[in-house]
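The lines below spell out each chain.
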Amino acid sequence: MMFIATNRLELPVEQQAKMIEAFRRSAPALRQFEGFQSFEILVSEDQSHMLAISHWANRAAYEAYINSDTFRKHHGGASSEQMQPHANITYYTGEVLS
């Protein structure tokens, strides 16, 4: 089983490219965290929203990231608690079947 965090971002189309570039710059730093598996960014076909999806070995691995200095650096100095009112995060457990 794995732990998955999804963040739905509703951004104007003109801001989406900037957000994708910011994710491209910050995503490699996730590899330093034990239990990190993968990160993806999806843009809806109608471009109304984006999904940022991270896969972790377990919730503890994810929480190590969101409580880290790296997380604050990725989010302009804000802690996960400070980001919470702006986030639209859903958590899942799952597995890759093929």
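Scroll up to find the structure this text is about.
Reading the values: the criteria
- Residues numbered from 1 in each chain as written.
- Predicted model: local features only at pLDDT ≥ 70, side-chain atom pairs only at ≥ 80, totals over all residues.
- Heavy atoms only, no water.
- Buried < 20%, exposed > 50% of the residue type's maximum accessible area, 1.4 Å probe, protein only.
- Helix = DSSP H or I, 4+ residues; strand = E, 2+ residues; numbered from the N terminus.
- Pairing = 2+ DSSP bridges.
- Core = buried A, V, L, I, M, F, W, Y, C linked by side-chain atoms within 4.5 Å.
- Contact = heavy atoms within 4.5 Å.
- Arc of directions from axis to C-beta.
- Polar contact = N/O pair within 3.5 Å; in protein donor to acceptor, adjacent residues only side chain to side chain.

Below, the discussion takes up the pairing of strand β1 (residues 2-9). Burial runs high along β1: seven of the eight residues are buried. Summarising the sheet, β1 and strand β3 (residues 50-56) pair through seven bridges and their orientation is antiparallel. Within the sheet, the bridge partner assigned to isoleucine 4 lies in β3 and is histidine 55.

Time to look at the nonpolar core. With 11 residues, the main nonpolar core is built from Phe3, Ala5, Leu30, Phe33, Phe36, Trp56, Ala61, Tyr62, Tyr65, Ile66 and Phe71. The element best represented in this core is helix α2 (residues 59-66), accounting for four residues. Excluding anything up to four places from it in sequence, phenylalanine 3 contacts Ser54, His55, Trp56, Ala57, Asn58, Arg59, Tyr62, Tyr91 and Tyr92. Counting residues in each nonpolar core, the second largest holds six residues, with Leu9, Ile20, Phe23 and Met50 among its members.

Here the focus is α2. Among the residues of α2, Ala61, Tyr62, Tyr65 and Ile66 are the ones counted as buried. The arc enclosing the buried residues of α2, seen along the axis, measures out at 135 degrees, which places them on a common side. Where α2 begins, one side-chain oxygen reaches toward the backbone nitrogen of alanine 60, 3.2 Å away; that side chain belongs to asparagine 58.

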